[in-house]
Amino acid sequence: MSVELRIVALGAVLLFVHIFAAIRAKTAQYGRAWNTSARDESLPAPNPLVGRLTRAQANFAETFPIAIVALIGVGVAGRTSEWTAIGGWIWLGARLVYLPLYAAGIPVVRTLVYTISMIGIFIVLWPLLAP
């Protein structure tokens, strides 16, 4: 299995972590009855942690498809290299750091880490875009 495919699989695990963290915080705020219900009722505003974890999950869900296309794309195109592996690890490492930074409400560093993750994906994507 290629390094890039392994990174995609680890990214999928990280998506589970995002989902679990957000739902755990929501359940802590709204209760188990809410978690096991159809969730049709209106809820009070989320507390800051629930809001941050929900936004972090949405952010990951928005950018993970880009990572999937890049990481699987270089494999399908036969364009994997040391650089695509490095870019993938940069993306995954930054995304691992991003979640606790967002949960803690750390603003500027969180944005910097997000930017680093996008640079990692661009490193992977570049061989698919370059002539």
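Structural data are supplied above this passage.
Everything in this summary refers to the structure shown in the same document. (Residues numbered from 1 in each chain as written. Predicted model: local features only at pLDDT ≥ 70, side-chain atom pairs only at ≥ 80, totals over all residues. Heavy atoms only, no water.)

### What to know about helix H5 (residues 107-129)
Taking 1.5 Å of rise per residue, the 23 residues of H5 would be expected to cover 33 Å, and the 32 Å separating its terminal C-alpha atoms lies within 8% of that figure. Along H5, the sharpest change in direction is near 30° and occurs at Ile 123; proline Pro 127 comes one to four residues later. Of all the residues in H5, the buried ones are Val 113, Ser 117, Gly 120, Ile 121, Val 124 and Pro 127. (Helix = DSSP H or I, 4+ residues; strand = E, 2+ residues; numbered from the N terminus. Expected span 1.5 Å × (residues − 1). Bend = angle between axes of the 7 residues up to and from the residue. Buried < 20%, exposed > 50% of the residue type's maximum accessible area, 1.4 Å probe, protein only.)

### Notes on the nonpolar core
Ala 67, Leu 71 and Trp 91 are the most contacted members of the largest nonpolar core, which has 13 residues in total. When residues of this core are traced back to their parent elements, those giving at least two are helix H1 (3-30), helix H3 (48-76), helix H4 (82-104) and H5. Broken down by element, the residue count for this core peaks at six residues, all from H3. Filtering out sequence-adjacent residues up to four positions away, Leu 71 remains in contact with Glu 4, Ile 7, Val 8, Gly 88, Trp 91 and Val 124. Counting 12 residues, the second-largest nonpolar core is a separate cluster that includes Ala 22, Leu 53, Ala 56 and Tyr 102. (Core = buried A, V, L, I, M, F, W, Y, C linked by side-chain atoms within 4.5 Å. Contact = heavy atoms within 4.5 Å.)

### Let's talk about the packing of aromatic side chains
Per the counting criterion, the structure on display carries seven aromatic pairs. Taking 6.0 Å as the distance between ring centres and 25° as the angle between the ring planes, the aromatic pair formed by Phe 60 and Trp 91 counts as stacked. You can see Phe 60 sitting in helix H3 and its partner Trp 91 sitting in helix H4, a full 31 residues away along the chain. With relative accessibility at 0%, the residue Phe 60 sits in the buried group. Considering the side-chain rings of Tyr 98 and Tyr 102, the 5.6 Å spacing of their centres and the 85° angle between planes classify their relative orientation as edge-to-face. Pair noted here: Tyr 98 and Tyr 102 are both in helix H4, with a separation of four residues, about one helical turn. (Phe/Tyr/Trp six-rings, centres within 6.5 Å; stacked < 30°, edge-to-face > 60°.)

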